[in-house]
Amino acid sequence: MKATSWLLLLYSLPTNRNTERVAVWRRLKKMGAVQIKTSTYLLPDDAAQYEQFQWLAKQIRDYGGDATLVRAQEIERLPKAKLIQLFDAARGNDYRELSKDLRSFIARRKKIDADAAANALARFVRDFRNIRAIDFFDSAHVHDVEILLQRAEGPHTATKARPKLDPQNFLGKMWLTRPRPEIDRVGSAWLIRNFVDPKAKFIFASKPTSNSKCIPYDMVDAEFSHEGDDCTFETLTRRFDLRDKAVRKIGEMIHDADLDDAKFSRMEAIGIDRVLKGWAKQAVRDEEILARGFQLFDGLYAFLQRL
């Protein structure tokens, strides 16, 4: 969504209307509004959001309170980029909570009977769709949840049976992944550059492209992505039949940092993951995050080769 103006709901309720206050808060949360001041909530200006704010304003007045709906092109001391960050932060929290529940479900799924698992999965899908409906500015976290949902559904193919690939057939390609790269995407790019194509180029987009020279990775339904219990780095290592011991160890570290399932009990890459996330929050360019990340993995690889 490209917001050209904003909707603000300013309201007040009598101090003794605690039940009504909670009801209003829940409604605001459900519609994806963000708070910018006490009793002042914001939505991007859209016909559907306008109608929801109108309805809520009427409900507040019915509760004995007061409500004013304002349309604004600009808000002093809150530029557009800052307002979008507020929405991204709110949806990021929603997606992280859902991701946490999904990872817990995946870890214990084998112990859950089929009906209970199906009901839980349906609930996760419903929760995801509800968050997606109020994700007005396409949070970078949406794809992480989509991948977790695929894992929660269970493996669709026998990953062991997939054919090995010859790096020579992947020279001169453009590799595409999602913006704001984190540990699995940065690590996978490092692996491609060092063990598949030393001249590989990387670009960023929210969705795969139809360009045959662009190979999507760590994206939903991409050939090189999460498979079964493997993260993308592990998928690439297996598909290109890379048997370097240091690479295998890095894959275990990335797996534990990315999937947070403690499969290998390797905590070494969690710090790298947090650094990459920190650079993203500092608005470091995607290309620069990749370049800095390569240096981190170069150092880690050099250290592990000596062990």
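From a predicted model like this one, the values you see are computed outputs, not experimental measurements.

### A short note on the pairing of strand β6 (residues 201-204)
Turning to step 1, where the next piece is worked out: The alternating pattern of β6 places Phe 202 and Phe 204 on a buried face, while none of Lys 201 and Ile 203, on the opposite face, is buried.
Turning to step 2, where the next piece is worked out: Pairing of strand β5 (residues 174-177) with β6, which is carried by four bridges, proceeds in the parallel orientation. Within the sheet, the bridge partner assigned to Met 174 lies in β6 and is Lys 201.
Turning to step 3, where the next piece is worked out: At this point the chain moves from β5, through helix α6 (residues 183-195), to the parallel β6, and the crossover so formed is right-handed.

### Notes on the sheet that holds strand β1 (residues 6-12)
Turning to step 1, where the next piece is worked out: One open sheet accounts for four strands, arranged β2-β3-β1-β4; its pairing is antiparallel. The sheet is open, and its two borders are formed by β2 (34-37) and β4 (66-72), each paired with just one other strand. Across the sheet, the mean angle separating the axes of adjacent strands is 30° when strand polarity is ignored.
Turning to step 2, where the next piece is worked out: One ladder, built from seven bridges, connects β1 with β4; its direction is antiparallel. The residue of β4 that forms the bridge with Leu 7 is Arg 71.

### Side note on the sheet that holds β5
Pairing between the strands of a sheet comes from backbone hydrogen bonds, and it takes one of two forms, parallel or antiparallel.
Turning to step 1, where the next piece is worked out: If you walk across this open sheet you meet the three strands as β6-β5-β7, and the pairing is parallel. Because the sheet does not close on itself, it has two edges, and the strands there are β6 and β7 (214-216). Strand after strand, the sheet turns through a mean of 35° between neighbouring axes, direction not considered.

### Observations concerning the side chain of Thr 232
Turning to step 1, where the next piece is worked out: Considering the arrangement of structural elements, one finds Thr 232 in helix α7 (residues 232-239).
Turning to step 2, where the next piece is worked out: Judged by relative accessible area, Thr 232 falls into the buried class, the value being 0%.
Turning to step 3, where the next piece is worked out: Those residues in contact with Thr 232 that sit more than four places away from it in its chain are Asp 184, Ser 188, Tyr 217, Asp 218, Phe 224, Ser 225 and His 226.

### Notes on the pattern of salt bridges
Turning to step 1, where the next piece is worked out: In total, this model carries 24 salt bridges according to the counting rule given.
Turning to step 2, where the next piece is worked out: The residue Arg 151 makes a salt bridge to Asp 229 at a minimum N-O spacing of 4.0 Å. Of this pair, Arg 151 sits in helix α5 (residues 142-153) while Asp 229 sits in the loop between β7 and α7, and the two are 78 residues apart along the sequence.
Turning to step 3, where the next piece is worked out: A relative accessible area of 12% places Arg 151 in the buried class.
Turning to step 4, where the next piece is worked out: Note on Asp 229: relative accessible area 46%, which makes it partly exposed.
Turning to step 5, where the next piece is worked out: Residue Arg 238 is joined to Asp 230 by a salt bridge in which the shortest nitrogen-to-oxygen separation is 2.5 Å. Neither residue differs from the other here; Arg 238 and Asp 230 are each classed as buried.
Turning to step 6, where the next piece is worked out: Shared partners join several salt bridges into a network, and the residues in it are Asp 144, Arg 178, Arg 185 and Asp 218.

About the criteria used
Residues numbered from 1 in each chain as written. Predicted model: local features only at pLDDT ≥ 70, side-chain atom pairs only at ≥ 80, totals over all residues. Heavy atoms only, no water. Buried < 20%, exposed > 50% of the residue type's maximum accessible area, 1.4 Å probe, protein only. Helix = DSSP H or I, 4+ residues; strand = E, 2+ residues; numbered from the N terminus. Pairing = 2+ DSSP bridges. Right-handed = clockwise from strand over helix to strand, strands pointing away. Axes fitted to C-alpha atoms, helices over the stretch in contact; angles between N-to-C directions. Contact = heavy atoms within 4.5 Å. Salt bridge = Lys/Arg side-chain N within 4 Å of Asp/Glu carboxyl O.

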